[in-house]
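# Fold and geometry: a report
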Amino acid sequence: MLIRKIFLPHGKSFICAAAILFTRPAILNAQPFTKITTGQIATDLRDASGASWIDYDGDGDLDLFTSNRTVANYLYRNNGNGSVTRVNTGSLTTINSIGNSWADYDNDGDLDAFTAGPNSVLHRNQGNGTFANVTTAALGLASASLAGWACAWADFDNDGHVDLVIAHPAGFLGGTSLPNFLFRNKGDGTFERITNSPVVTGLAPYTVPTWSDFDQDGDLDLFIGSGPANGTRARDFLYRNLLKQTGTATFDRITESPIGTDLLDGQVWNWIDYDNDGDLDGYVTNYIGNVAAGLRNFFYRNDDGSYTSISSGAIATDAGLSLGQVWGDFDNDGDLDVFVAEDNNNGAANKFYQNNGNGSFTRILTAPFTTDVAPSWGATGGDFDNDGDLDLFVPNVFRPPIQAPPHFYRNDLNNSNHWVKLKLVGTSSNRDGIGAKIRAMATIGGNTYWQLREASSQNTFCGQNSPEIHFGLGDASNIDSLRIEWPLGQIDIYANVQTNVVYQAVEGTGLNPLSTAVEDESPTTPLGFVLEQNYPNPFNPTTRIAFKLAAASRVTLTVFDVTGRVVAELLHDQQKFAGRHGLNFTAQNLASGVYSYKLEVIPSNGSWQPFVETKSMMYLK
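Keep in mind that what you see is a predicted model, and the values were worked out from it rather than measured. (Residues numbered from 1 in each chain as written. Predicted model: local features only at pLDDT ≥ 70, side-chain atom pairs only at ≥ 80, totals over all residues. Heavy atoms only, no water.)

With that settled, the discussion passes to the overall build of the protein. From N to C terminus, the protein includes four helices and 46 strands. At 24 Å, the protein has a C-alpha radius of gyration in line with the 25 Å of a compact globule built from 621 residues. Out of the 621 residues belonging to the protein, those deemed buried represent 59%. When the accessible surface of the protein is summed, it comes to about 21,900 Å², and 51% of that surface belongs to carbon and sulfur atoms. Positive and negative charge centroids in the protein, built from 40 and 67 side chains respectively, lie 2 Å apart. (Helix = DSSP H or I, 4+ residues; strand = E, 2+ residues; numbered from the N terminus. Rg over C-alpha atoms; globule rule 2.2 N^0.38 Å. Buried < 20%, exposed > 50% of the residue type's maximum accessible area, 1.4 Å probe, protein only. Areas by Shrake-Rupley, 256 points an atom, 1.4 Å probe, with all protein chains shown as cover. Lys, Arg positive; Asp, Glu negative; His and termini not counted. Charge placed at Lys NZ, Arg CZ, Asp CG, Glu CD.)

Now the structure itself:
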């Protein structure tokens, strides 16, 4: 029997059954991205096929990893102030790769990595900022014997430990063609190779594997693109996990029409709930197929377990050489948008489709997406600057004479829409909660409906989006009900969850706020710029800092100790509209004493001068 546990404020809880109702919003907002062209992250040339936003050092902000095909991989540590430092971390940054996937395979509290390529490597996070190559010791095979194109972690047998699949593209890596690899995690730091599954018998030009419980029966199914990229089309390799049906985690190839019968040049599959009806819809990017301009991408709407091919609208009809796809609520309005990375053999630009909230999408035909043309394979989305909206990083591969730098787009959303981010911590389930389904019910624009996310370690081309679970929530000030369905069956339900907060969700335990971001308290335009005195003051451990902006501005808010050392950067160069804003500051691991907080404002309107003000506050334990 599954336990449904409702968590309320002040630690109270009770057991309850939950009913789920779905309606659709109808909100559309413009999407402002700023292309960043300075700093290492935006200027380093790299022959990069895949990228991932991940927090490898556990400091609360997203770092960036790129799989580089012909030079060593790059890892950028987020400094927490809008800048990054490229770091050398042992095995991870001394080899090259094509694809990567991240998970805490040994459940020790930090993210490990697997990189796929002609020499695939398992990198164990040492917990001190470095990684060690443990491939042979853990997997029983040397790196040269594990050649692959892409990889993905997931707990396919529901034993609390993430397992690993590696896709091998026959004919694309040179040398002997190999079948795929599937490894079961034994829970002791080593893996058992599975050799009797249809997943690992047979050769094909496999591309990117993704795991998803697409039929929501409680086990993770497997979807492997197999685009030949040679002008022909074929069925992709889709496998249903039979764990719930038979008690054993075996796989059966899906043959149902249309998802199991359509002929594709398939690259990467994603299963997302784009229409907020509670089930997972399918989207697969295609390469050239047998169409000179490139094959359109295939879009499947889930209608109570049967699938309808969507063949209208630009998202399903645009031709291109499509590879990566990044789904996320980039405008925080309560539905999922999508960015599609395009190879540029046909001169096509990357594509961004904004969800209209009524089952349709609008392609955004403004810069920078229409002006940035390069051989883009991967892409990854995540909140790099911790301001509550999703930023986008698009690496590019080298194709002589083109050696283009990456496209780094900072999301400067200014529509005041709310959001929530969750960092999952499994206790009985795998540490990262991979495979968990997270549902949020809120009233947005007068409509009450549920949204659905699924935790994944591979959901773009040869990389992954941030493992943080992000919900856009429009004008909702609270999530009415937040439901987390953990992989091993635990169901946690939280009521009246405040928005604009980053939470740590611990399986079966509770929801812990990690930070409270700026809340836009009043749209009334003040007559000037003001930094208010914090309240309460003195405080222990949380106080509120508010400020007023007479015009839309970029804002930095920093906390210092008496020596001038920065102890917290609450905002860094973040765009905020005119009005009164406030946020909570919680003193963590700080000594009692006097601290200063400094507001720096650069107005967007040239008629206003920059503004700087500093105030003091007292922390008493």
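Right, let's talk about the side chain of Glu532 for a bit. As for its placement among the helices and strands, Glu532 is situated in the loop between strand S40 (530-531) and strand S41 (542-549). Assessed through its relative accessible area of 18%, Glu532 is described here as buried. Within the structure, the side chain of Glu532 is placed 2.7 Å from the side chain of Arg580, a separation counted as a polar contact. Apart from residues lying up to four places away in sequence, Glu532 is in contact with Ala546, Lys548, Arg580, Tyr597 and Lys615. (Polar contact = N/O pair within 3.5 Å; in protein donor to acceptor, adjacent residues only side chain to side chain. Contact = heavy atoms within 4.5 Å.)

Next up on the list: the confidence of the model for the protein. Confidence in the prediction for the protein averages 90 pLDDT; 93% of positions are at 70 or higher. Within the model, the stretch residues 1-29 combines pLDDT values under 50 with 85 contacts to residues more than four positions away or in other chains. (pLDDT = per-residue confidence, 0-100.)

The antiparallel open sheet is built from four strands, whose spatial order is S12-S13-S14-S15. Of all the strands in the sheet, the pair left with one neighbour each is strand S12 (150-154) and strand S15 (191-194). Each adjacent strand pair in this sheet contributes to an overall mean axis angle of 20 degrees, direction not counted. (Pairing = 2+ DSSP bridges. Axes fitted to C-alpha atoms, helices over the stretch in contact; angles between N-to-C directions.)

Applying the stated criterion across every chain yields a total of 24 salt bridges. Asp108 is the partner of Arg124 in a salt bridge, and the nearest nitrogen-oxygen pair spans 3.4 Å. Taken together, the residues Arg124 in strand S10 (residues 121-125) and Asp108 in the loop between strand S8 (99-103) and strand S9 (112-116) connect sequence positions 16 residues apart. Taking the relative accessible area as the measure of exposure, Arg124 reaches 27% and is therefore partly exposed. The closest approach of N and O atoms between Asp573 and Arg554, which form a salt bridge, is 3.0 Å. Placement of the pair is Asp573 in strand S43 (residues 566-576) and Arg554 in strand S42 (residues 553-560), with a sequence separation of 19 residues. (Salt bridge = Lys/Arg side-chain N within 4 Å of Asp/Glu carboxyl O.)

So, about the packing of aromatic side chains. What the rule picks out here adds up to 44 aromatic pairs. Here Trp269 and Trp271 contribute two aromatic rings whose centre-to-centre distance is 5.8 Å and whose plane-to-plane angle is 15 degrees, an arrangement assigned as stacked. Judged by relative accessible area, which is 0%, Trp269 ranks as buried. Residues Tyr274 and Phe361 carry aromatic rings whose centres are separated by 5.8 Å and whose planes lie at 35 degrees to one another, so their mutual orientation is tilted. Of the two residues, Tyr274 is situated in the loop between strand S20 (266-272) and strand S21 (281-286) and Phe361 in strand S27 (residues 361-363); the sequence distance between them amounts to 87 residues. (Phe/Tyr/Trp six-rings, centres within 6.5 Å; stacked < 30°, edge-to-face > 60°.)

Overall, the coordinates contain zero disulfides when judged by the stated rule. Free of any disulfide, Cys151 has its nearest neighbouring cysteine sulfur in Cys462, separated by 8.1 Å. Exposure remark for Cys151: the relative accessible area of 0% places this residue in the buried category. With a relative accessible area of 0%, Cys462 lands in the buried category. (Disulfide = S-S within 2.5 Å.)

Here the focus is the sheet that holds strand S30 (residues 407-411). Overall, antiparallel pairing links the four strands, which are arranged S3-S30-S29-S28 in an open sheet. The open sheet has two edge strands with one neighbour each: strand S3 (33-36) and strand S28 (380-382). Sheet twist, expressed as the mean angle between neighbouring strand axes with direction ignored, is 20 degrees. Alignment of S28 against strand S29 (residues 391-394), held across three bridges, turns out to be antiparallel. Within S29, the position partnered with Gly381 by the bridge is Leu392.

A word on the pairing of S30. In terms of burial, S30 is largely enclosed, as five of its five residues are buried. Neither face of S30 is open: one carries His407, Tyr409 and Asn411, the other Phe408 and Arg410, and all of them are buried. The pairing of S29 with S30 spans three bridges and is classified as antiparallel. Bridge pairing in S30 places Leu392 opposite Tyr409.

Next up on the list: unusual backbone geometry. The residue after Ala367, namely Pro368, is reached through a cis peptide bond having omega 10 degrees. Within the secondary structure, Pro368 sits in the loop between S27 and S28. Looking along the chain, the bond that leaves Pro400 and enters Pro401 is cis, with omega of 10 degrees. Mapped onto the elements of the fold, Pro401 is located in the loop between S29 and S30. At Asn386, a position not held by glycine, the phi torsion is positive, near 55 degrees. The class for Asn386 is partly exposed, based on a relative accessible area of 31%. Although it is not a glycine, Ser416 adopts a positive phi angle of roughly 65 degrees. Residue placement: Ser416 occurs in the loop between S30 and strand S31 (418-425).

We now examine the pairing of strand S17 (residues 221-224). Neither face of S17 is left uncovered, since the one carrying Asp221 and Phe223 and the one carrying Leu222 and Ile224 both have all their residues buried. Taken together, the four bridges between strand S16 (residues 209-212) and S17 define a ladder with antiparallel strand orientation. Among the inter-strand pairings, Trp211 is bridged to a residue of S17, identified as Leu222. Taken together, the three bridges between S17 and strand S18 (residues 237-241) define a ladder with antiparallel strand orientation. Bridging from a neighbouring strand, Ile224 pairs with Phe237 of S18.

Considering the arrangement of structural elements, one finds Asn537 in the loop between S40 and S41. Spatially, the C-alpha atoms of Asn537 and Tyr619 are 7.7 Å apart, while their sequence positions differ by 82 residues. Excluding residues within four positions of it along the chain, Asn537 makes contact with Ser616, Met617 and Met618. A polar atom in the side chain of Asn537 sits 3.5 Å from the side chain of Asn534.

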